[in-house]
Amino acid sequence: MTLLDLVVITLAHLRTGLSHDALAVAFGVDRSTVTRAVGQVRPLLAGRGCATATGVRLRTLADVFAYAAAEGVTLRMDATEIRVRRPRAGRGGRKAFVSGKARQNTIKSTVISDGNGATLWCGTHRPGRVHDHTAVRLEGIDALLDAYPQVRILVDSGCQGLAKNHPGQVEAPPLKLRPGPGSRT
């Protein structure tokens, strides 16, 4: 396969979220070829950074926050889970990949986009068991919010704690009441 083919496969995977198996069928190659292409090309794309409409390259999370502060962009943050194969028996950490939400073996990444949905940054892959708020704290987003008080972020309910720590800066949906005694349904 040519370099162009490898890049197209990787971009199709990143843009659509299709599994390696589905891409292998679509491009008429083996699944291992798709996995190798994504593994080789993705670090090259990340090294180049993400280019914004103004031509600024965002290579780090701090660059994303500086860009949002300078341009007045409201960021959107969410964690995404990608299903993976279960680690072999006898290997340590088998249960670390089991997600509490998906009840399957997954890896989790924190993704930040702008208001138009363009991905500006994708965090480190972590085991699926890691909670969204823990992943945000490990990425250093909490500290960057302190450093850039003018940046606003919209998050999902997995980051209620972040919204509580940074009121007016981080917006999260209100918690839903659980049905039971003493609550209205």
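The structure displayed is predicted, hence computed values, not measured ones.

Rules behind the numbers
Residues numbered from 1 in each chain as written. Predicted model: local features only at pLDDT ≥ 70, side-chain atom pairs only at ≥ 80, totals over all residues. Heavy atoms only, no water. Axes fitted to C-alpha atoms, helices over the stretch in contact; angles between N-to-C directions. Helix = DSSP H or I, 4+ residues; strand = E, 2+ residues; numbered from the N terminus. Parallel < 35°, antiparallel > 145°, perpendicular 65-115°, else oblique. Left-handed = near helix turned anticlockwise from the far one by under 90°. Contact = heavy atoms within 4.5 Å. Nonpolar A, V, L, I, M, F, W, Y, C, P; charged D, E, K, R; others polar. pLDDT = per-residue confidence, 0-100. Salt bridge = Lys/Arg side-chain N within 4 Å of Asp/Glu carboxyl O. Buried < 20%, exposed > 50% of the residue type's maximum accessible area, 1.4 Å probe, protein only.

*Asks:* Mind showing me how you'd approach the packing of helix α1 (residues 3-16) against helix α2 (residues 20-27) here?
*Replies:* Between α1 and α2, whose axes approach to 11 Å, the crossing angle comes to 135°. Classified by the interaxial angle, the pair formed by α1 and α2 is oblique. Every pair of crossing elements has a handedness; the one defined by α1 and α2 is right-handed. The segment α1 lies against α2, with V8, I9, A12 and H13 engaging H20, L23 and F27. When the residues that make up the contact of α1 with α2 are grouped by side-chain class, the tally is five nonpolar, two polar and no charged.

*Asks:* Can you walk me through the confidence of the model for the protein in this structure?
*Replies:* Caution applies to low-pLDDT parts of the model: their predicted coordinates are not meant to be read in detail. Confidence in the prediction of the protein, expressed as mean pLDDT, is 80, and 83% of residues score 70 or more. When pLDDT is averaged over each helix and strand of the protein, the minimum, 58, is found for strand β1 (residues 50-51) and the maximum, 90, for strand β7 (residues 153-155).

*Asks:* Help me out: how do you make sense of the pattern of salt bridges in this one?
*Replies:* Evaluated as defined, the whole model comprises two salt bridges. The closest approach of N and O atoms between D21 and R31, which form a salt bridge, is 2.9 Å. With a gap of ten residues between them, D21 in helix α2 and R31 in helix α3 (residues 31-48) connect regions that are remote in the sequence. Residue classification places D21 among the partly exposed residues on the basis of a relative accessible area of 43%. Of the residues examined, R31 reaches a relative accessible area of 28% and is grouped as partly exposed. Here E171 ties to R152 by a salt bridge, and the two come within 2.6 Å at their closest N and O atoms. In this pair, E171 is assigned in strand β8 (residues 170-171) and R152 in the loop between α6 (141-147) and β7, connecting sequence segments 19 residues apart. According to the relative accessible area criterion, E171 is partly exposed, its value standing at 39%.

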